[in-house]
Structures are given as C-alpha cells and as structure tokens.
Protein chains: 2
Amino acid sequence: MKRRVTLKDIARETGVHVSTVSRALDPVTRKAITAEVAEKIQAAAERLGYRPNRIAAGLRTNRTMTVGVMIPDITNVIFPPILRGIESVLEPLGYASIIVNTDGEKERESRLVNVLRDRGVDGIIHAAATRDDPMVARAAEDGMPIVTLNRRVEDGAIPFVINDEQSGICQMLRHLMELGHRSIAHIAGPQDLSTGQLRLAAFRDAMAETKLACDERLIATATHFDESEGARCVEQLLASGLRFTAVLCANDRLALGAIERLHEKGLNCPADVSVSGFNDMPFLNLIRPRLTTIHIEQHGAGQAAARLLVQLLNDAETDRLPTETVLPVRLVVRESTGPAPAP
Amino acid sequence: MKRRVTLKDIARETGVHVSTVSRALDPVTRKAITAEVAEKIQAAAERLGYRPNRIAAGLRTNRTMTVGVMIPDITNVIFPPILRGIESVLEPLGYASIIVNTDGEKERESRLVNVLRDRGVDGIIHAAATRDDPMVARAAEDGMPIVTLNRRVEDGAIPFVINDEQSGICQMLRHLMELGHRSIAHIAGPQDLSTGQLRLAAFRDAMAETKLACDERLIATATHFDESEGARCVEQLLASGLRFTAVLCANDRLALGAIERLHEKGLNCPADVSVSGFNDMPFLNLIRPRLTTIHIEQHGAGQAAARLLVQLLNDAETDRLPTETVLPVRLVVRESTGPAPAP
DNA sequence: TTGTAGGCGTTATCAG
DNA sequence: CTGATAACGCCTACAA
C-alpha cells in the first residue's frame, strides 16, 4: 500500500511550513499568500499527486461532507430516481451520501440513525420516516440537521418535502367521475405512513365535496404498499358484495396487485372495473394494462430535499427556512381507467 | 448542537485514564482489564450515551469501515438487488457503503474513484468497470483493495465476480433449437463491456458447436444496453433482408426494445419471432409477453463480491484468494419464445 | 505574509 | 493491569 501524500510531504518538498501549504491549497485562504509561493506549492501538490485527507479534515472541522440517506428499500423502483435527484445536487457540492435501507422496520430505522451519527454525517435525508420515531426526533433535537422526504414525522419541527397528495387524489377522483363512475372504492395505504394517511384523508374530503355517499365499506386499508396487499384488499372489497366500478388505489403497487387479482376473478380492467394508481413509478408504460396514475416528481423531490438540507447545513439561522415543501403532481391517463360500465 | 460524549468524558467521570477507557470499550482489548473496572467504565459509557467517533478512529487506524460501490446507474433495476446483496454482508460487519453512479462515462468513473479514495474507503466494489480503466488499475496498484462485479478489467489481477455468461448463452441457444429455430440472430451488447463481449463470444462458440452456419450479418451490436438500442438493432436485422425466426439478445432491455419494435412492424412475439433476454431483471413477470431469459443471481453476486472484498481487507496474504468467481445461471422459460414458425 | 503550537478523538507503544 | 505520551493529517488562532 503506497503511503498517501500529505501536506507535510509538500511542505518538505517546497521548503515551507505545513500551515502555509494548507493555506495555499484552500481556495479561500489562498489569497493571503504570495502568488509565487502559492503557485510553487500547487505545482508540487500536483506533481506529488496530493489528495486531501477528508477524514483528517473532518476530525478537525467537524464536517465530514457526508450525508446519510434513509430509504425503506432501494429495490422499490420509486427510490432510485429520488436518489439520483439527491446526488445531482449533493455531489457537485462535494458531498457523498451513505444510503441505508430501513425495510420499514422501526428497530432497524433507529439503529441506522445511530450508525449514521457514529459516522459523523453532516445531516440526514430521511425518506423512510414513520409518523413518529423517537430516535429521529432525538437526533433532530441534538442538533442533527434532518429533512424528511415523502413522509413527515408528526411532532417536532422537522422540515419536509412531500407531494401534493390532496391535489393528486382530487384530480384522480374528478377523472373517474368524468368517466361516469359513481361507485368508487379506495384501497388505502398503511396508516402509520403519512402518505397512506394523507391520501385517505384526501379521498374522504374529495368524496364529501362531490356529494357522493362515501361508503366506509368501500375503503380497504392495506398494511403495506405492495402488490399482495393490493390483491388482498380488492378481494375484500369484492367480498363485501357492494357494487363498485372503479378502485382508486393509494399507490401503483397496490393498483397492480388489484388488477392482477381482478383478472384472476374474471374481471377485466378497465372494461369491468377501472383501477388507478399513484406515484407513476418507472416501467409502468411497459406493463399492461398501462396504469392511469398520478405522476410525482421523483427526481425533483430528491433535489428539493437535498437543497433544503444544504441550506440547513450552511445557514446558521435555521429559523427562516421553508419548513414544508409541497411538490406539484399531475394526472397521467393511460389505459387502466375507462368509462363506467352500464349498471 | 449538543456536544458528543468522548472517551475523555468517561475518563473524567470514572477517574481512570482515557486509554483505559478505550481498552475497556473495545471487546478485544477488554480482557486485559480488571472486570470490575471494565464494568464501571461500560456503565458510565452507557449512562452518558457514549458513541464511538469513527472518524477519529479512522484517522488513527487508517480504516474507515467504509467501502465504495461503483455502479453505472442505480435506476437500472438490475442494480438495487445487487446493492442489497452487498449490504447484507457488509452491514452486519460494521461497514457502510458509499454508492456512486458512473453513468457509464469514463471520465466520471475516474473522478469518482478519486472521490472514494479521498474519503478513505477501505476498498471498492466496482460494478461499472470498463474493460480498461487506468484510474482503477492505478488505485489497485497503489494497494486499494478492489473487486469488480459483473464486469472484469482486462489487465491487472483484480479479482472479479461474474455470471456464467457462456453457460447462459448455451442454454438459451439450446432452448431455441429445441423449439425448432434454425435461423437465430443475436443482438450483442457493447463490446467495451466484458458482458457484451463475453456473451457475443459465447454466442459464436455455441453456434459453431451446433454446426449451424453463423451468419455474421445476423449479429447486430448495440452501443448501449438499453431499449432504444434493442429497437435499432432489430430494425437493422430486419433491414438486412435475411430470414430469422429468433433473436437472442445480450440482455433483457435489448430484448424488450426489440419486441416493441417488432410489434410496431407488425411482427408478433413469439408467434412470428421468438425473442430472449439475459439477466432476468425484476418486473419481467409483469411485462407482456413475459420474457424468456437467463436468470442470474443478483443478490448473490452482491454477496459474493462483498465477501471477496472483506477477505481482501482482512487477509494479509492476498495471494491465495479466488481471483475469479463465476456464478451459476439458469434458463427461465416464459412466453417470449415459442415454436419456430413453418418456413 | 508566514511560522508556531495546539487540538480534534482515538489507538498503539512504552513504561511502570 | 493501568497510565503517560505520541501520533494519525489537517486546520486555525495567535504570534512573529
């Protein structure tokens, strides 16, 4: 293992003191150094192949230029674009990120928060927050800059970036009604996640506004945002014996699972039942029937969260910062929704 | 920002010297300490909420317990499972990983290698290696432990983990022949990537063995492993005017693109043309027609690479280590391949 | 403008 | 078994 070139090496090489070298190599302190000397030092640094040791600098300055990113599960296709969004703003600024998967397990989540703290991350982007998490709240209280993404934790004033769930649900409901649907079921997401909760609340509100009776029995609540729960919930709705011509699902995976199960039961989508999703995850255009859904800015959400965190990291006065950012959403009509069948 | 508890705080609290505290808290050096004292120290550590500062430790020991993971693009669904595989072995061992996306750009790749070196990663898992990369080779020469995954770099003795490309291509070709296909085209991957190259070579070899004439004009080479190149290549094959009843593609995305374009041209898959992929990426079972492909152990490959790297990190004698690991693959027959149509 | 010195939190090496 | 001391590489008052 070849030894790394350090400031000391350059100092020896150029005959000046380490501190001078340090200054010459830092663009902001360089101006306090004779141009000539500075150039000589830079040349030597280049020649020797000097690379600053961020670990040492981090120990000294208490800034590692590293941020932690917590997500439920990287194999969930919704997250990679978000990560690229985060990276796109953080990387140019010299930050690296440590990504951890919580698998939606609270215990794991708490443990990982500590892992990140131990590693001295400058801040955390938390895209896997449950509505209440003591460790996260504690970390925030201890002064760790934290931003949540897609989710929000209830107590505490942790800034967050979310999508306009309300508007999304509204747009979708309007779309279904324009197609003539009047009996509309909802497959709600897990209620311990803010998205699940917000979308359900939005559904109830929107239904109320339409003056359609919102039959509570036409709401099935999933325990996870996945296909099997979508299947289970639609089956539960079917079992209720109540008639419905459309199912508005709290996310795409629930919708996919629902469509599959409907198909197994001999019900065609969208001819017999229209089904809609939420998120517009990648690959949806390859899957038949192509799912009507609400598009959210995945990459943009990552960027927004990262920018917010960077502000938190730099500004001493964390007071006057947008504590909540709501990103716009957009209805994407594809093939899984169609005219309501005649009664 | 609440100040962190350090060894010094515990020392003050318990009235012993920092070095004693350090020893008492390290499971391996603890045995050299009076049980009584050790317990007192541990209790104090617990009470004060001590968390070791890995940065400081890293500076001292030259081990950051961090590894770099380089991939082309996290939004490519093939990579998340690999990352989970890596994490599954690294995390329990106390390692964290810094993931970077090269986007297949050589310049970016080189830069990122340096980013990782600057951060003092203990080693690198490189799943985005081009067949030759000077920076990677140089890092390896400088003593940075590196393992490549899915790809291999040509010169240098960098250990690698790959899939059994040869066997996969063979199995697929046999499958197609059993279905009666005799005119089989190949959409090859980029030749600057080892997978592209190995799979093309395997195709040629396998064709030679079957004693079927391997018409070079029935081989189209993609510049990228993506859908649009699959579409372009199949169109090129069509344009040649040569008859073919099956297209063996170097990966799933090329196959998906090819099927789509065939469909646009009025050719049905598999009725008119059979198409096969390679990789068995996630979601394939949701996409119609369900693609026949070669399954590779994505999660397992990540694990294998991580284990290999850990060995490199621990064993002084890096000599007697498996320099190449070849993972088994498996034919998965679904719907995109069928009997050859009558001539 | 440049050098000096001290310290960030740990761990390794000596003594005692 | 425990304490003292130095060092890892860098940054930053403060002094010159």
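Residues numbered from 1 in each chain as written. Chains lettered and ligands numbered in written order. Predicted model: local features only at pLDDT ≥ 70, side-chain atom pairs only at ≥ 80, totals over all residues. Heavy atoms only, no water.

As recorded in an unreviewed UniProt entry, chain A goes by the name LacI family DNA-binding transcriptional regulator, listed as coming from Mycoplana rhizolycopersici.

Here the structure, examined in full by the defined rule, presents one aromatic pair over all chains. Ring plane angle 10 degrees and centroid distance 6.1 Å describe the contact between Phe283 of chain A and Phe283 of chain B, whose orientation is recorded as stacked. Of the two residues, Phe283 of chain A sits in the loop between β9 (274-276) and β10 (293-296) while Phe283 of chain B sits in the loop between β9 (274-276) and β10 (293-296), which places them in two different chains. Phe283 of chain A sits in the buried class, given a relative accessible area of 17%. Sitting over the face of the ring of Phe278 of chain A, Arg199 of chain A holds its NZ or CZ atom 3.8 Å from the ring centroid. (Phe/Tyr/Trp six-rings, centres within 6.5 Å; stacked < 30°, edge-to-face > 60°. Helix = DSSP H or I, 4+ residues; strand = E, 2+ residues; numbered from the N terminus. Buried < 20%, exposed > 50% of the residue type's maximum accessible area, 1.4 Å probe, protein only. Lys NZ or Arg CZ within 6 Å of the ring centre and 35° of its normal.)

Next up on the list: the interface of chain A and chain B. Where interface size is given, it is often the accessible area lost as the parts come together that is meant. Counting residues at the interface gives 49 residues for chain A, matched by 49 residues for chain B. Counting each side, the surface lost to burial between chain A and chain B is near 4,100 Å², with a carbon and sulfur contribution of 55%. In this structure, Asp73 of chain B engages Arg84 of chain A in a salt bridge whose closest nitrogen and oxygen atoms are separated by 2.8 Å. The tally of links between chain A and chain B comes to 19 residue pairs in polar contact (both at pLDDT 80 or more). (Contact = heavy atoms within 4.5 Å. Buried area = accessible area lost by both parts, 1.4 Å probe. Salt bridge = Lys/Arg side-chain N within 4 Å of Asp/Glu carboxyl O. Polar contact = N/O pair within 3.5 Å; in protein donor to acceptor, adjacent residues only side chain to side chain.)

Here the focus is empty space enclosed by the protein. Here the structure, examined in full by the defined rule, presents two cavities of 30 Å³ or more. Estimated volume of the largest cavity: approximately 200 Å³. Taken together, Arg54, Ile55, Thr64, Thr66, Ile98 and Arg119 of chain A together with Arg54, Ile55, Thr64, Thr66, Ile98 and Arg119 of chain B make up the full set of residues lining the largest cavity. For the lining of the largest cavity, the secondary-structure elements that each account for two or more residues are α4 (54-61) of chain A together with α4 (54-61) of chain B. Broken down by class, the residue content of the lining of the largest cavity amounts to four nonpolar, four polar and four charged. What the second largest cavity holds in volume is close to 30 Å³. Lining of the second largest cavity is provided by Asn76, Ile78, Asn251, Asp252, Arg253, Asn279 and Met281 of chain B. Class assignment of the residues belonging to the lining of the second largest cavity gives a composition of two nonpolar, three polar and two charged. (1 Å grid on protein atoms, 1.4 Å probe; cavity = no way out; pocket = protein on both sides within 12 Å on 5 of 7 lines; lining within 4 Å. Points joined across faces, edges and corners; volume = space filled by probe spheres on them. Nonpolar A, V, L, I, M, F, W, Y, C, P; charged D, E, K, R; others polar.)

Moving on, we get to helix α3 (residues 35-48) of chain B. All names here are of chain B. For α3, with 14 residues, the first-to-last C-alpha span of 20 Å sits near the 20 Å given by 1.5 Å per residue. Burial in α3 covers these residues: Ala38, Ile41, Ala44 and Ala45. Seen along its axis, α3 keeps its buried residues to an arc of 130 degrees; they face one direction. Projecting away from the buried face of α3 at angles above 90 degrees are the exposed residues Glu36, Glu39, Glu46 and Arg47. Buried residues in α3 make contact with α1 (7-14) and α2 (18-25). Count one or two residues on from α3 and you reach Gly49, which has phi positive near 75 degrees. (Expected span 1.5 Å × (residues − 1). Arc of directions from axis to C-beta.)

You can overlay chain A on chain B at an RMSD of 0.1 Å; the transform is a turn of 180 degrees with a shift of 0.0 Å along its axis. In short, the pair behaves as if placed about a two-fold rotation axis. The fraction of interface residues of chain A whose copies in chain B are also interface residues reaches 100%, indicating that both copies meet through the same surface. (Least-squares fit on C-alpha atoms with pLDDT ≥ 70 in both.)

Scanning the model with the defined rule gives 43 salt bridges over all chains in all. Between Arg108 of chain A and Asp103 of chain A there is a salt bridge whose closest N-O contact spans 3.5 Å. Here Asp142 of chain B and Arg117 of chain B are joined by a salt bridge, their closest N and O atoms 2.9 Å apart. Note that Asp142 of chain B is positioned in the loop between α7 (134-141) and β4 (146-149) and Arg117 of chain B in helix α6 (residues 106-118), a separation of 25 residues in sequence. Linked by salt bridges that have partners in common, Asp73, Asp103, Arg108 and Arg111 of chain A together with Arg84, Glu87 and Glu91 of chain B make up one network.

The next subject is the packing of helix α6 (residues 106-118) of chain A against helix α7 (residues 134-141) of chain A. All names here are of chain A. Two elements in contact, α6 and α7, have axes whose closest approach is 8 Å; the angle formed by their N-to-C orientations is 25 degrees. Judged on the interaxial angle alone, α7 and α6 are roughly parallel. The residues of α7 that touch α6, namely those facing Glu109, Ser110, Val113, Asn114 and Arg117, are Met135, Val136 and Ala139. Considered class by class, the residues forming the contact of α6 with α7 number four nonpolar, two polar and two charged. (Axes fitted to C-alpha atoms, helices over the stretch in contact; angles between N-to-C directions. Parallel < 35°, antiparallel > 145°, perpendicular 65-115°, else oblique.)

Here we take up the protein's contact with DNA strand D. Near DNA strand D you find 24 residues, and of these Leu7, Tyr50 and Arg60 of chain A together with Thr20 and Arg23 of chain B are the closest. Near the protein, within 4 Å, the atoms of DNA strand D are sugar or phosphate in 62% of cases. Between DNA strand D and Leu7 of chain A there is a distance of 2.7 Å, counted from a phosphate oxygen to a backbone nitrogen or oxygen. Between a base nitrogen of DNA strand D and a side-chain N or O atom of Arg60 of chain B, the distance comes to 3.3 Å. (Near = heavy atom within 4 Å.)

All right, on to the sheet that holds strand β8 (residues 246-249) of chain A then. Residue and element names in this part refer to chain A. Read across the open sheet, the four strands follow the order β7-β6-β8-β9; overall the sheet is parallel. In this open sheet, the two strands that pair with only one neighbour each are β7 (219-221) and β9. Shown here is a sheet whose adjacent strand axes are inclined to one another by a mean of 15 degrees, direction ignored. As defined by bridge partners, strand β6 (residues 184-188) adjoins β8 across four bridges and the pair is classed as parallel. From the neighbouring strand, His186 faces β8, where its bridge partner is Leu248. (Pairing = 2+ DSSP bridges.)

Residue pairs spaced three or four apart in an α-helix point in one direction, given the helix's 3.6 residues per turn. Residue and element names in this part refer to chain B. The end-to-end C-alpha distance of helix α9 (residues 194-210) is 24 Å, a good match for the 24 Å that 17 residues give at a rise of 1.5 Å each. Taken residue by residue, α9 has Ser194, Thr195, Gly196, Arg199, Leu200, Ala202, Phe203, Ala206 and Met207 as its buried positions. Buried residues along α9 sit in contact with α8 (165-178), β6 (184-188), β7 (219-221) and β8 (246-249). Two residues or fewer after α9 comes Lys211, characterised by a positive phi angle close to 65 degrees.

By the assigned domains, chain A splits into domain 1 (7-52), domain 2 (64-163 + 298-328) and domain 3 (165-296). Centre-to-centre separation of domain 1 of chain A and domain 2 of chain A, based on C-alpha positions: 36 Å. (Domains from an automatic or database assignment.)

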